[in-house]
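These are the residues of each chain, in order.
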Amino acid sequence: MDALTFLGTGGGIPMTDRVHSSILLESGGRRWLLDAGEPCSQRLKAMGVPFASLDAIFISHGHSDHLSGLPMIIQGAWLEPRRRPLPLYLPAELINPIRTWLEAVYLPEKLVGFAVEYHPWESFPGRAVTIDEGQLRVSVNSSTHLDGQREKIDPSAADRFLAYSIVYDWLHAGKRLIYSADLGRPEDLVPVLDRPCDLLICELAHFEPEELFVFLADKPVRRVCLTHFTAEFAARLEEICELGREMLPKTMGIMAMADGERVEF
Ligand SMILES: [Zn+2]
């Protein structure tokens, strides 16, 4: 059985009762972190998960609510200590800024005693990589989440402002998990919903719940876990899930996640 633990289910605005995006994925004795919003290091510590046990970290995009906890993971791993390299899968545009960031907070490789291995999504053919001794294929799908920021900050930057959804395919089991991360609109998920998906982790901050449910109603998804809420949606989750049960097929389960909640799939 594979399991997800939602370390943080809040959106991009700090909230009193939810922290930022980070999810622990456990499968076959392996542990991966999906995004590293703060305070993921504290949440892992509270769960008794050693930093040395993380097999890789997957970063969807560079917004701080998905990335801000990374240096504390590195610091925690240094002091634990960790010895093996830490693979980090991420948009290429983040590599140099993260290297500089780690230098700035005095966490260079020669101090921490292990390498951070940078694997840019764009370097893999089809933006897909097979890990875990060929068991797990991890791929990314572009979302329009950062298009508006590109327009405002640097419209000519085609190789920046890249945001991805991340798809996990267990090749031998035929099982598929999709982490939407942050979207511009639900339709960003069209290319990855072309085959059955066992579990879709979907954000709910950048569109109305009705819009998401209309989109998902005819998609081959077994179960939806909602996360990354605005304060407004977080206050209405019972009502939103009820609406989802009315609008989605009876066979599609829907849950709104809370910080610390664990789901097996
Ligand atoms: Zn976000």
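Presented here is an overview of the structure given in this document. For clarity, every value in this text was computed on a predicted model and none was experimentally measured. (Residues numbered from 1 in each chain as written. Predicted model: local features only at pLDDT ≥ 70, side-chain atom pairs only at ≥ 80, totals over all residues.)

## As for the overall build of the chain
Filter applied, for reference: Starting at the N terminus, helices and strands are each numbered in turn, a helix being any DSSP run of H or I of at least four residues and a strand any DSSP run of E of at least two. When we talk radius of gyration, it's over C-alpha atoms, and the globule rule is simply 2.2 Å times the number of residues to the 0.38. Our exposure labels follow a C-beta count within 10 Å of each residue's own C-beta, placed from the backbone: buried means 20 or more other C-beta atoms, exposed means 12 or fewer, and partly exposed covers the counts in between. Any two residues are considered in contact once their C-beta atoms, placed from the backbone, lie within 7 Å.
Along the chain, the regular secondary structure elements total nine helices and 14 strands. Against the compact-globule benchmark of 18 Å for 265 residues, the chain has a radius of gyration of 18 Å, which places it among compact chains. The principal-axis extents of the C-alpha atoms in the chain amount to approximately 55 × 45 × 40 Å. Here the chain holds 265 residues, and the buried ones make up 41% of them. Taking contacts inside the chain between residues at least 6 apart in sequence as the whole, the part at least 24 apart equals 66%.

## A short note on helix H7 (residues 209–216)
For clarity, the cut-off: Summarising the geometry, the arc corresponds to the directions from the helix axis toward the C-beta atoms.
Of all the residues in H7, the buried ones are Leu 212, Phe 213 and Leu 216. All buried residues of H7 project into a common sector of 95° when viewed along the axis, lining one side.

## Let's talk about the pairing of strand E9 (residues 163–170)
Each regular strand displays side chains that alternate between the two surfaces of the sheet. The cut-off we apply is this: Any two strands are treated as partners once DSSP identifies two or more bridges connecting them.
Buried residues dominate E9, accounting for six of its eight residues. In terms of strand pairing, strand E8 (residues 136–143) meets E9 through eight bridges, oriented antiparallel. Bridged to Ser 142 within E9 is Tyr 164. In terms of strand pairing, E9 meets strand E10 (residues 175–179) through five bridges, oriented antiparallel. Bridged to Trp 170 within E10 is Lys 175. Between E9 and the antiparallel strand that follows it, E10, lie four residues; Gly 174 among them carries a positive phi value of about 65°.

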